[in-house]
Amino acid sequence: MANENANQQRRGGAGGGDRRGREDRRGRDNAEREKSQYLERVVAINRVAKVVQGGRRFSFTALVVVGDGDGTVGVGYGKAKEVPAAIAKGVEEAKKHFFRVPRIQGSIPHPVQGEKAAGVVLLRPASPGTGVIAGGSARAVLECAGISDVLAKSLGSSNAINVVHATVDALQQLEEPEQVARRRGKTVEEVTPAAILKARKEGAA
């Protein structure tokens, strides 16, 4: 009888372990699925030092751009004692600051210039097939936002953090033709260039 109880306990323990293992795997699968639906670009990783009585303590900062590749993008800055932890914090921060980017056939609706600190970035619409003509820092933001055709030029500081935030400022200034028409009290056809109207019709078709 004692042997039977012991066997049942072992079987129950093994079953419980199997269930916990399945739950852990399911949790990891869900986390990987959630992670895979976003594009993540690590733009810059810096090592920073804090001087204390016993010497210097090092930590790392990571500038991360996260987007769904379909008009949503965010930028985050994470700091931790290890690089993976800093990147993870940056990703979480970026997801808290998501915003929508107006697009027309994979490009932007109109030219725009963004500024942040010493960074200045100019964005111009481009015809289909042009690609993303931009430097590494601005390219990360534009690709994560799902913009496939655009001309970008950095006119100020080349610091990656300033360029990224200037690009974000430029994207946040973009407006749909309907918004401009409503603000000016005109029709969409009156405020929108013919090329953009044609592109919107082709995109809708």
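Residues numbered from 1 in each chain as written. Predicted model: local features only at pLDDT ≥ 70, side-chain atom pairs only at ≥ 80, totals over all residues. Heavy atoms only, no water.

Chemist: Let's hear about a positive patch on the surface: which residues, and what values?
Modeler: A surface patch of positive charge is lined by K50, R57, K79 and K81. Considering the arrangement of structural elements, one finds K81 in the loop between strand 3 (72–80) and helix 2 (83–96). (Patch = residues over 30% accessible without salt bridge, like charges linked within 9 Å, V, L, I, M, F, W, Y side chains within 5 Å. Areas by Shrake-Rupley, 256 points an atom, 1.4 Å probe, with all protein chains shown as cover. Salt bridge = Lys/Arg side-chain N within 4 Å of Asp/Glu carboxyl O. Lys, Arg positive; Asp, Glu negative; His and termini not counted. Charge placed at Lys NZ, Arg CZ, Asp CG, Glu CD. Helix = DSSP H or I, 4+ residues; strand = E, 2+ residues; numbered from the N terminus.)

Chemist: Tell me about the packing of aromatic side chains, residues and numbers included.
Modeler: In total, this model carries 1 aromatic pair according to the counting rule given. Measuring from centroid to centroid gives 5.4 Å for Y38 and F98, while their planes differ by 40°, and the two rings are tilted. Of the two residues, Y38 is situated in the loop between helix 1 (2–36) and strand 1 (39–52) and F98 in the loop between helix 2 and strand 4 (99–100); the sequence distance between them amounts to 60 residues. Using a relative accessible area of 22% as the deciding quantity, one classes Y38 as partly exposed. Accessibility expressed as a relative area gives 27% for F98, which makes it partly exposed. The side chain of R47 reaches across the aromatic face of F58, ending 4.2 Å from its centre. (Phe/Tyr/Trp six-rings, centres within 6.5 Å; stacked < 30°, edge-to-face > 60°. Buried < 20%, exposed > 50% of the residue type's maximum accessible area, 1.4 Å probe, protein only. Lys NZ or Arg CZ within 6 Å of the ring centre and 35° of its normal.)

Chemist: Requested: an account of the side chain of S107, with residues and values cited.
Modeler: Residue position: S107 is located in the loop between strand 4 and strand 5 (112–116). A polar side-chain atom of S107 sits 2.7 Å from the main-chain carbonyl oxygen of D149. Ignoring anything within four residues of it in the chain, the contact list for S107 reads P102, P125, A126, I147 and D149. (Polar contact = N/O pair within 3.5 Å; in protein donor to acceptor, adjacent residues only side chain to side chain. Contact = heavy atoms within 4.5 Å.)

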